[in-house]
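Tertiary structure, described
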Amino acid sequence: MKLIHCADLHLDSKLSANLDREKARERKKELLFTYEKMVDYAAANSIEAILISGDLFDTHKITQTTKNTVLNSIKNNPDIHFYYLKGNHDDNDFLNDEDDIPENLFMFSDKWTTYYEADGKITISGIELTKENSSSAHISLVPDIDKYNIVMLHCQLAESTGKNKAEVINIKDYRNKGIDYLALGHIHARKTEKLDARGTYCYPGCLEGRGFDECGEHGFEVLDIDESKRELTTEFVSVAKRRLYAIEVDVTGAESTTEIYAKTEERLAQEPCTKDDLIKIILTGEYDTEAEKDPDYIVTKLSESYYFVKVYDETKLRFRPEDYINDKSLKGEFIRLVSADETLSEEQKNTVIRYGLQAINGEEVK
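In this report, the structure presented in the accompanying data block is examined. Values in this document were obtained by computation on a predicted structure and should not be read as measured data.

**Describing the overall build of the protein chain**
Looking only at helices and strands, one finds six helices and 19 strands in the protein chain. If you line up the protein chain on its principal axes, its C-alpha atoms span 90 × 40 × 35 Å. Taking all 366 residues of the protein chain together, the buried fraction comes to 51%. In the protein chain, the proportion of contacts linking residues at least 24 apart, taken out of those at least 6 apart, comes to 66%. As presented, the protein chain carries roughly 18,300 Å² of accessible surface, and 45% of it is formed by carbon and sulfur atoms. Across the protein chain, 48 positive and 71 negative side-chain charges occur, with their mean positions spaced 1 Å apart.

**Describing the packing of helix H1 (residues 21-44) against helix H2 (residues 64-75)**
Axis separation between H1 and H2 bottoms out at 11 Å; the angle between their running directions is 0 degrees. Taken together, the axes of H1 and H2 are roughly parallel relative to one another. Residue-level contacts link Leu-32, Tyr-35, Glu-36 and Val-39 of H1 to Thr-65, Thr-66, Thr-69, Val-70, Ser-73 and Ile-74 of H2. Per-class residue counts for the contact of H1 with H2 are five nonpolar, four polar and one charged.

**A look at the nonpolar core**
Counting 37 residues, the largest nonpolar core has Ile-4, Cys-6, Leu-11, Tyr-35, Ile-50, Leu-56 and Phe-220 as the members making the most contacts within it. Of all the elements in the fold, those that place two or more residues in this core are strand S1 (2-6), H1, strand S2 (49-53), H2, strand S3 (81-85) and strand S13 (219-226). The biggest single contributor to this core is H1, with seven residues. Those residues in contact with Leu-11, other than ones at most four positions away along the chain, are Leu-31, Leu-32, Tyr-35, Leu-56, Phe-57, Asp-58, Thr-66 and Val-70. Grouped together as the second largest cluster of nonpolar side chains are 20 residues, Met-1, Leu-3, Ile-122 and Ile-225 included.

**Brief notes about the packing of helix H5 (residues 330-339) against helix H6 (residues 346-360)**
Orientation of H5 relative to H6, taken along the N-to-C sense of each, is 160 degrees, at an axis distance of 10 Å. Relative to H6, H5 is oriented roughly antiparallel. Of the two possible hands of crossing, H5 and H6 adopt the one that is right-handed. From H5, Leu-330, Lys-331, Phe-334, Ile-335, Val-338 and Ser-339 reach across to H6, where they touch Lys-349, Val-352, Ile-353, Gly-356, Leu-357 and Ile-360. Grouping the amino acids of the contact of H5 with H6 by side-chain chemistry returns eight nonpolar, two polar and two charged.

**Some remarks on empty space enclosed by the protein**
All chains considered together, the criterion is met by one cavity of 30 Å³ or more. When its volume is computed, the largest cavity comes out at roughly 100 Å³. Lining the largest cavity, in full, are Tyr-287, Thr-289, Ala-291, Glu-292, Lys-293, Leu-317, Arg-354, Leu-357, Gln-358, Asn-361 and Glu-363. The element contributing the most residues to the lining of the largest cavity is H6, with three residues. When the residues that make up the lining of the largest cavity are grouped by side-chain class, the tally is four nonpolar, three polar and four charged.

**Thoughts on the pattern of salt bridges**
For the structure on display, the rule yields 15 salt bridges. When the shortest N-O distance is used, the salt bridge between Arg-242 and Glu-30 registers 2.7 Å. One end of the pair, Arg-242, is in the loop between strand S14 (231-238) and strand S15 (244-250); the other, Glu-30, is in helix H1, and 212 residues separate them in sequence. Its relative accessible area of 5% is what places Arg-242 among the buried residues. Since its relative accessible area comes to 4%, Glu-30 is described here as buried. With a shortest N-O distance of 3.5 Å, Lys-275 and Asp-276 are connected by a salt bridge. One continuous salt-bridge network, built from bridges that share partners, spans Arg-27, Glu-30, Glu-208, Arg-242, Lys-275 and Asp-276.

**Topic: the sheet that holds strand S5 (residues 113-117)**
Pairing is mixed in the open sheet, where six strands are placed in the order S5-S6-S7-S10-S12-S11. Every interior strand has two partners, whereas the edge strands, S5 and strand S11 (191-194), have only one. Sheet twist, expressed as the average angle between the axes of neighbouring strands with direction ignored, equals 15 degrees. The pairing of strand S6 (residues 122-126) with strand S7 (residues 148-154) spans five bridges and is classified as parallel. Of the residues in S7, the one forming a bridge with Ile-124 is Ile-150.

**Side note on the environment of Ala-44**
Structurally, the position occupied by Ala-44 is in helix H1. Distance in space between the C-alpha atoms of Ala-44 and Glu-271 is 32 Å, their sequence separation being 227 residues.

Analysis parameters
- Per chain, residue numbering runs from 1 following the sequence as it is written.
- Given that the model is predicted, a residue must reach a pLDDT of at least 70 before its local features are reported, and side-chain atom pairs must reach 80 or more before they are shown or counted; all residues, however, enter totals for whole chains, interfaces and linings.
- Only heavy atoms go into the side-chain values, all of them from the structure, while hydrogens and water stay out.
- Only DSSP runs of H or I reaching four residues or more are called helices, and only runs of E reaching two or more are called strands; each is numbered from the N terminus.
- Working definition: with a 1.4 Å probe on protein chains only, accessible area under 20% of the residue-type maximum means buried, over 50% means exposed, and in between means partly exposed.
- Whether two residues touch is decided by their heavy atoms; if any such pair falls within 4.5 Å, the residues are in contact.
- Under the convention used here, a 1.4 Å probe and the Shrake-Rupley method define accessible areas, while residue burial counts only the protein chains that appear.
- Here Asp and Glu are counted as negative and Lys and Arg as positive; His is not counted, and neither are the chain ends.
- One atom stands in for each charge, and that atom is NZ of Lys, CZ of Arg, CG of Asp or CD of Glu.
- A fitted line through C-alpha atoms serves as each axis, taken over the contacting stretch for helices, and the angle formed by two N-to-C directions is quoted from 0 to 180°.
- Roughly parallel refers to an angle under 35 degrees, roughly antiparallel to one over 145, roughly perpendicular to one between 65 and 115, and oblique to any angle outside these ranges.
- For this scheme, ten residues count as nonpolar: Ala, Val, Leu, Ile, Met, Phe, Trp, Tyr, Cys and Pro. Four count as charged, namely Asp, Glu, Lys and Arg, and the remainder, Gly too, count as polar.
- As used here, the term nonpolar core means buried Ala, Val, Leu, Ile, Met, Phe, Trp, Tyr and Cys residues forming a set that is joined through side-chain atoms within 4.5 Å.
- Less than a right angle of anticlockwise turn of the near helix away from the far helix marks a crossing as left-handed, whereas a clockwise turn marks it as right-handed.
- Using a 1 Å grid laid over the protein atoms alone, points where a 1.4 Å probe fits but cannot get out form a cavity; open sets with protein on both sides within 12 Å along at least 5 of 7 lines form a pocket; any residue with an atom within 4 Å of a point counts as lining.
- Grid points are joined across faces, edges and corners, and a volume is the space filled by probe spheres set on the points.
- We define a salt bridge as a contact between a side-chain nitrogen of Lys or Arg and a carboxyl oxygen of Asp or Glu at a distance within 4 Å.
- By the convention used here, strands pair only if DSSP detects at least 2 bridges between them.

And the structure:
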């Protein structure tokens, strides 16, 4: 039997943290298109079930377009079973009444629910974790060790960190219980490891990266199960329309924006970035007080080559106050004044001098 395991689609995300209104609206649609692309893949590749381990949606305010698209994708593929376990972002508003539930959509509750596939040889069990049941849910889970057992949870492992709050479990509680595949959701980066001698646990990550804390490749897991032998082979399918990259560029030694841009281009050439991608450039290193630096110029120029670009300036000013002891210019007087201020830390002095020199040089202070 072949299945897809996905999670954290976050359909209807606002996506306004980095993008302007137009691009945010476009990316919002692209997340929905990527979901449809996954379902199309399932239909074309003999996938019999899709496991959605939480956070199908990002908010309780689901647009009618998104709701209809998801429902129609399920109804139009009656040969595919959709197993949907709600996560901490999901809400009951997705389905208004019993008549909305397609026959091939299977859901869960705050009690263990088990479904059977492959003539009963494969079990799919899941529970929606809450504050009340998260610490004890494992106790009432008793899989049949003679079957191939899949368990779905949306949670955070005790040793992991997540961007948003989800119930926490100790992975040790789910070891040696006869689980063959623990289908997890909540962590947006792909992670797959052995659960115990018998089983594996997997976070497939999100289908599309939404922010620069979700860089890299994104997609879903394809599970190919030999239920008779209880053997599993997996394949990760990259499906995201766009990738996000956070790239550090050491600009030490550069004396102008032109030279900084050249270093940035050289660094970008080392990455597989394309015109469809979102890029965050992080300028690092040291620069001299006489150096000219305009991050906005870099953003504007690179925006011709990429879908979205932002630049973070984390460079440090390199100077020695003693070099300005006899400098009678406004710049020298300013540096001496700030350097002598005993109420400021070295980092604060660096920031004040940096902004002050920008103002003295007639540059926009940022």
